[in-house]
Amino acid sequence: MNLLLLSNSSNPGEAYLEYPQKEIKAFLGNKPLTAIFIPYAAVTFSYDVYEAKVEDVFSKIGHKVRSIHHFDDPIAAIEGAEAIIIGGGNTWRLVQQLHLHKLMDVIRQKVSLGTPYIGWSAGSNVACPSLKTSNDMPIVDPISFETLNLIPFQINPHFLDIHPAGFGGETREDRIMEFIELNPDTFVVGLRESSLFHITDNTIELKGPKTARIFKKGLNIKELGCEDDFSFLLNK
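Definitions and cut-offs
Residues numbered from 1 in each chain as written. Predicted model: local features only at pLDDT ≥ 70, side-chain atom pairs only at ≥ 80, totals over all residues. Heavy atoms only, no water. Pairing = 2+ DSSP bridges. Helix = DSSP H or I, 4+ residues; strand = E, 2+ residues; numbered from the N terminus. Axes fitted to C-alpha atoms, helices over the stretch in contact; angles between N-to-C directions. Contact = heavy atoms within 4.5 Å. Salt bridge = Lys/Arg side-chain N within 4 Å of Asp/Glu carboxyl O. Buried < 20%, exposed > 50% of the residue type's maximum accessible area, 1.4 Å probe, protein only. Disulfide = S-S within 2.5 Å.

1. Overview of the sheet that holds strand 10 (residues 212-215)
The sheet built from four strands is open, its strands ordered 6-7-10-11 with mixed pairing. The open sheet is flanked by strand 6 (154-157) and strand 11 (222-224), the only strands paired with a single partner. Averaged over all adjacent pairs, the angle separating strand axes in this sheet is 25°, with direction ignored. Each of strand 6, strand 7 (188-191) and strand 10 touches helix 7 (residues 172-182); the most contacted strand, strand 10, lies at about 30° to it.

2. Quick word on the environment of Pro74
With respect to the helices, strands and loops of the structure, Pro74 is situated in helix 3 (residues 74-79). Between the C-alpha atom of Pro74 and that of Pro138, which follows or precedes it by 64 residues, the distance is 25 Å. For Pro74, the contacting residues outside a window of four places in its chain are Ile68, His101 and Leu103.

3. Quick notes on the pattern of salt bridges
This model, assessed by the stated rule, comprises 10 salt bridges. Taking the shortest distance from any N to any O, the salt bridge between Glu181 and Lys217 comes out at 2.9 Å. Of the two residues, Glu181 is situated in helix 7 and Lys217 in the loop between strand 10 and strand 11; the sequence distance between them amounts to 36 residues. The exposure class of Lys217 is partly exposed, given its relative accessible area of 36%. Among the salt bridges present, the one from Arg192 reaches Glu223, with a minimum N-O distance of 3.0 Å. Here the residue Arg192 occupies a position in the loop between strand 7 and strand 8 (196-200), and Glu223 occupies one in strand 11, the gap between them amounting to 31 residues. You can call Arg192 buried: its relative accessible area is 11%. Take Glu223: its relative accessible area is 33%, and that puts it in the partly exposed class.

4. Digging into the state of the cysteines
Summed over all chains, the structure comprises zero disulfides. Cysteine Cys128 shares no disulfide, and the gap to the nearest cysteine sulfur, in Cys226, comes to 19 Å. Residue classification places Cys128 among the buried residues on the basis of a relative accessible area of 0%.

Function cannot be read off these values alone, since they describe shape.
Okay, structure coming up:
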């Protein structure tokens, strides 16, 4: 497998996908290819708008993007894909649509054979075994909580560990502690913004200026940075 999993698409004051653009270019290489883009996480804007936004970025680094909603046979589109991209938005809606279009198994098989996969936010969530560490509201029935299971651990994208003054609700860390209490065998990575994982079959590398926060039932919470070994996350 060859995965690039981003916490977020944009940082304040930056253009769309600006911070990871060099990593994406290195990941895909110099040979021009056409990636199949899956825009199903979009809710308040159209798939055409989403496709154009992503295509504008990828064209600058020498690659083409075509959204899966243009294909009469989305399964065949995935089977013929040179790369697969899944964008952010609402994870529940994304998972629902992937199940409705019967794409979970075909994407999993295609990526397991080496097709490059890029995801950000919800697109990183669905690379995990389930959507249970999403930050999003359950605005639709996802049909199943099971996702692509490309990696054996969970990611919580956009991770924040602050508790704003005057805020009386649960923090992100509180929510993750609830998850590991009921899912004690699963690691969760709080992936902060401007951070990403590059994962191959046997290696995992954190890239970006921030540390990641690691949770698992029965273990002390860890803060690990780019220089640290994350290979334990790939053990099933």
